[in-house]
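# Structural description and commentary
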Amino acid sequence: MNQTIDGGCLCGRVRYRATQAPLRTLVCHCTFCQRVTGSLAYSESLFPMDAVQFSGAPMRSYAHRSDTSGKQVLVHFCDTCGTTLSLTFERWPDARAISRGSMDTPEAVEVTAHIWTHSAQSGGALPTGIDCFEQARAGLDGAPETPRRFDGPAMIEPRSKVA
């Protein structure tokens, strides 16, 4: 199924168009994503690299080494307003994450899973009927992890130590 998704940064200097539906849309609760967004989590849609074209002003990038895989994650953001628009990954060179909040119509993509829930901040809730993973959807060896699903919203409780 083809789907076009448009979006851009807060100031409008950087725009993008995704020319197909995302492979999946995740909400990540890892501490890296919390810092990248300055919020509870980061919502991202994953696309094949060649499915997204950018226009307008060039973006800046920040390279971060993942605490888990040791591989680089590049954060791509608008040089003017600072909006995080995309992530690219050394571990998955053919994939590009697009920030769901930067989409013109974020509700056009459905969240398919929550990941790194063991790092989730208190005060939020995990949704009903969606796969929730303590860490990633798959281990470093590629083996799938087992998700948890909740019958009703699950409040995230305070924890003594952030993982």
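Residues numbered from 1 in each chain as written. Predicted model: local features only at pLDDT ≥ 70, side-chain atom pairs only at ≥ 80, totals over all residues. Heavy atoms only, no water.

### Points about the packing of aromatic side chains
Under the counting rule described, the total for this entry stands at two aromatic pairs. Measuring from centroid to centroid gives 5.4 Å for phenylalanine 89 and tryptophan 92, while their planes differ by 75°, and the two rings are edge-to-face. (Phe/Tyr/Trp six-rings, centres within 6.5 Å; stacked < 30°, edge-to-face > 60°.)

### As for the nonpolar core
If you look at the biggest cluster of nonpolar residues, it comprises 17 residues, and the most contacted ones within it are Phe32 and Leu87. In this view, phenylalanine 32 contacts His64, Val73, Val75 and Leu87; residues no more than four positions away in its chain are not counted. Ile5, Val14, Phe47 and Leu85 belong to the second-largest nonpolar core, a separate cluster that totals 14 residues. (Core = buried A, V, L, I, M, F, W, Y, C linked by side-chain atoms within 4.5 Å. Buried < 20%, exposed > 50% of the residue type's maximum accessible area, 1.4 Å probe, protein only. Contact = heavy atoms within 4.5 Å.)

### Some details on the pairing of strand E9 (residues 95–99)
Counting buried positions along E9 yields five of five residues, so the element is predominantly enclosed. Burial along E9 is two-sided: Ala95, Ala97 and Ser99 facing one way and Arg96 and Ile98 facing the other are all buried. Relative to E9, strand E4 (residues 42–48) runs antiparallel, the two sharing five bridges. Bridging from a neighbouring strand, phenylalanine 47 pairs with arginine 96 of E9. Two elements, strand E8 (residues 84–89) and E9, share three bridges in a ladder whose sense is antiparallel. Of the residues in E9, the one forming a bridge with leucine 87 is alanine 97. Here E8 folds back onto E9 in antiparallel fashion, the turn holding five residues. (Helix = DSSP H or I, 4+ residues; strand = E, 2+ residues; numbered from the N terminus. Pairing = 2+ DSSP bridges.)

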